[in-house]
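Structural overview for review
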Number of protein chains: 2
Amino acid sequence: MAEKAQYEELIRQFSAFGAVKREMGRLLPSDCPGGSAAVLTLLGRHGDMRISKLAELLAVDMSVTSRHVTHVAERGWIERSPDPADKRSRILRLTPRGQDRLDEIAERTTQLLAHRLSDWTDDEVGQLSRLMARLRASFDDCRSPAARPPAPTGDEQSPREPLVHPVHP
Amino acid sequence: MAEKAQYEELIRQFSAFGAVKREMGRLLPSDCPGGSAAVLTLLGRHGDMRISKLAELLAVDMSVTSRHVTHVAERGWIERSPDPADKRSRILRLTPRGQDRLDEIAERTTQLLAHRLSDWTDDEVGQLSRLMARLRASFDDCRSPAARPPAPTGDEQSPREPLVHPVHP
DNA sequence: TATTGTTATACTCTATAACTATA
DNA sequence: TATAGTTATAGAGTATAACAATA
């Protein structure tokens, strides 16, 4: 348990982080805003899924997810095929063109980070990653305490499902 | 210099951070959205200043800052007094009512963090603060390389000016 | 001419609520 | 009745550009 002044300092850092986020957003292609990029990234990382699952990973409302998905689907970056197990659902899948778009975005963003964080050590980048993952987990845990395993205790970080989506299926 | 996979992981954490930010925003009073809270916080931390300075600290365009300032001024939380040294400018100052509002917001947000991060050590909270401050600095440095001291090298964190605004002046 | 600040406009992201279709 | 998804609407944040007043 930390002191109040430390929390206030942390909150200021949260606020200032917006500037970093906006600079990252500025290098996205104009036809692929942040929401679309997030959809492509999560589909590339976790593989095919339905909208409700994507909404959970994005941590936004399903209605928001639906709009992002429509945007990327209209550009041919994903396909929505019917779910044989549930006719209400559709399964989202990255298309080859979507994978290309994702690769391009990943290339741009990692280059920006490599440039900005050129004087950071490998370990420092890892530390920031880990702490931010844990921060997200700490907030998630409090959201639905009943729907989670008893005591996570450890440092569990990012992906709950390290699935890898096959490139160009 | 870190590996590409590490940067990609960090980018995913940046994206996921939005959920934390939104949850923090949800506990703000409805008449004091995030932009207004940021104005009050920075005025409380750095003391009286003009809009252009505030825009720099917020790292947003001055037009955006102007709107936020108008919002808080309309509610009597700050005063805009003429700058004797430059008739184009006005000096922003927190009012007692603004200070009360700020205290209330700080109380709510620190309580939320204290609850969510109850199992974090003092040191871990400090680490995250430091790394996020350095992240922001790394991005700032690249924005206007000519307008900065030659080689910051160190871990310099948050406030460039640790001024403290007198409470209830 | 350059700078400070304001306003108008447009775009992105988000949540809530109402709705359809299916379970 | 409950759930998956869509759409309409509203609100917050931001950037760009045009503008006024002053330096």
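Residues numbered from 1 in each chain as written. Chains lettered and ligands numbered in written order. Predicted model: local features only at pLDDT ≥ 70, side-chain atom pairs only at ≥ 80, totals over all residues. Heavy atoms only, no water.

Moving on: the overall build of chain A. Summing up its helical and strand segments, chain A has six helices and three strands in all. When the helices and strands of chain A are placed in sequence order, the string is α-α-β-α-α-β-β-α-α. Here chain A has roughly 8700 Å² of accessible surface; of this, 54% comes from carbon and sulfur atoms. (Helix = DSSP H or I, 4+ residues; strand = E, 2+ residues; numbered from the N terminus. Areas by Shrake-Rupley, 256 points an atom, 1.4 Å probe, with all protein chains shown as cover.)

Now for the pattern of salt bridges. Residues and elements named next belong to chain A. Counted according to the given criterion, the structure contains 30 salt bridges over all chains. Here Arg 50 makes a salt bridge to Asp 86, at a shortest N to O gap of 3.4 Å. Residue Arg 50 is located in strand E1 (residues 49-50), and its partner Asp 86 is located in the loop between strand E2 (78-82) and strand E3 (90-94); the two are separated by 36 residues in the primary sequence. When its relative accessible area of 16% is taken as the criterion, Asp 86 is described as buried. (Salt bridge = Lys/Arg side-chain N within 4 Å of Asp/Glu carboxyl O. Buried < 20%, exposed > 50% of the residue type's maximum accessible area, 1.4 Å probe, protein only.)

Bringing the sheet that holds E3(A) into the picture now. Residue and element names in this part refer to chain A. Ordered by their spatial adjacency, three strands build an open sheet running E1-E3-E2, and the pairing between neighbours is antiparallel. The open sheet is flanked by E1 and E2, the only strands paired with a single partner. As defined by bridge partners, E1 adjoins E3 across two bridges and the pair is classed as antiparallel. The residue of E3 that forms the bridge with Met 49 is Leu 92. Contacting E1, E2 and E3, helix H2 (residues 34-46) crosses the sheet at an angle of about 90° to E3. Relative to the sheet, helix H4 (residues 62-74) contacts E2 and E3, its axis offset from that of E2 by approximately 110°. (Pairing = 2+ DSSP bridges. Contact = heavy atoms within 4.5 Å. Axes fitted to C-alpha atoms, helices over the stretch in contact; angles between N-to-C directions.)

This part is about the packing of aromatic side chains. Using the criterion set out here, one finds three aromatic pairs over all chains in the structure. Taking the centre distance of 5.1 Å and the plane angle of 70° together, the rings of A:Phe14 and B:Phe17 count as edge-to-face. Note that A:Phe14 is positioned in helix H1 (residues 4-26) and B:Phe17 in helix H1 (residues 4-26), a pairing that runs across two chains. Per residue, the accessibility class of A:Phe14 equals that of B:Phe17, and both read buried. Residue placement shows A:Arg116 over the ring face of B:Phe139; its charged tip is 5.7 Å from the ring centre. (Phe/Tyr/Trp six-rings, centres within 6.5 Å; stacked < 30°, edge-to-face > 60°. Lys NZ or Arg CZ within 6 Å of the ring centre and 35° of its normal.)

Further remarks concern the interface of chain B and chain A. The partner chain A presents 61 residues to the 61 residues of chain B that form the contact. Together chain B and chain A conceal approximately 6200 Å² of surface at their shared face, both sides included; 65% is due to carbon and sulfur atoms. Summed over the shared surface of chain B and chain A, the number is eight salt bridges. Linking A:Arg134 and B:Asp119 is a salt bridge whose minimum nitrogen-to-oxygen distance equals 4.0 Å. When residues of the side of chain B that touches chain A are traced back to their parent elements, those giving at least two are H1, helix H2 (34-46), helix H5 (96-116) and helix H6 (122-143) of chain B. Examining the composition of the side of chain B that touches chain A, we find that 20 residues originate from one element, H1(B), more than from any other. Looking at the side of chain B that touches chain A residue by residue, the classes come out as 29 nonpolar, 15 polar and 17 charged. (Buried area = accessible area lost by both parts, 1.4 Å probe. Nonpolar A, V, L, I, M, F, W, Y, C, P; charged D, E, K, R; others polar.)

Detailed reading of the predicted model is not advised wherever pLDDT is low. Overall, the prediction assigns chain A a mean pLDDT of 86, with 82% of residues at 70 or greater. Below pLDDT 50 for its whole length, residues 144-169 of chain A participates in 34 contacts with residues either more than four positions away or in separate chains. (pLDDT = per-residue confidence, 0-100.)

So, about the pairing of E3(A). When E2(A) meets E3(A), the two strands line up antiparallel, connected through five bridges. Among the inter-strand pairings, A:Arg80 is bridged to a residue of E3(A), identified as A:Leu92.

With that settled, consider the protein's contact with DNA strand C. The environment of DNA strand C is formed by 24 residues, the closest being A:Gly34, A:Gly35, B:Ser66, B:Arg88 and B:Arg90. One of the backbone nitrogen or oxygen atoms of A:Gly34 is found 2.7 Å away from a phosphate oxygen of DNA strand C. With respect to DNA strand C, the backbone of A:Asp61 contributes an N or O atom lying 2.9 Å from a phosphate oxygen. Among the secondary structure elements, those contributing two or more residues to the surface near DNA strand C are H2 and H4 of chain A together with H1, helix H3 (51-58) and helix H4 (62-74) of chain B. Ranked by residues supplied to the surface near DNA strand C, first place goes to H4(A) with four residues. Here the surface near DNA strand C is built from residues that sort into five nonpolar, eight polar and 11 charged. (Near = heavy atom within 4 Å. Polar contact = N/O pair within 3.5 Å; in protein donor to acceptor, adjacent residues only side chain to side chain.)

With that settled, consider a positive patch on the surface. On the surface, A:Lys21, A:Arg22, A:Arg26, B:Lys21, B:Arg22 and B:Arg26 cluster together to form a positively charged patch. Listed by contribution, the elements that provide at least two residues to the positive patch are H1 of chain A together with H1 of chain B. Counting through the fold element by element, B:Arg26 comes out in helix H1. Residue classification places B:Arg26 among the exposed residues on the basis of a relative accessible area of 55%. (Patch = residues over 30% accessible without salt bridge, like charges linked within 9 Å, V, L, I, M, F, W, Y side chains within 5 Å. Lys, Arg positive; Asp, Glu negative; His and termini not counted. Charge placed at Lys NZ, Arg CZ, Asp CG, Glu CD.)

What follows deals with unusual backbone geometry. Leave glycine aside and you will find that most residues have negative phi; peptide bonds, for their part, are mostly trans. Positive phi outside glycine occurs at A:Ala59, with the angle close to 60°. With respect to the secondary-structure elements, A:Ala59 resides in the loop between helix H3 (51-58) and H4.

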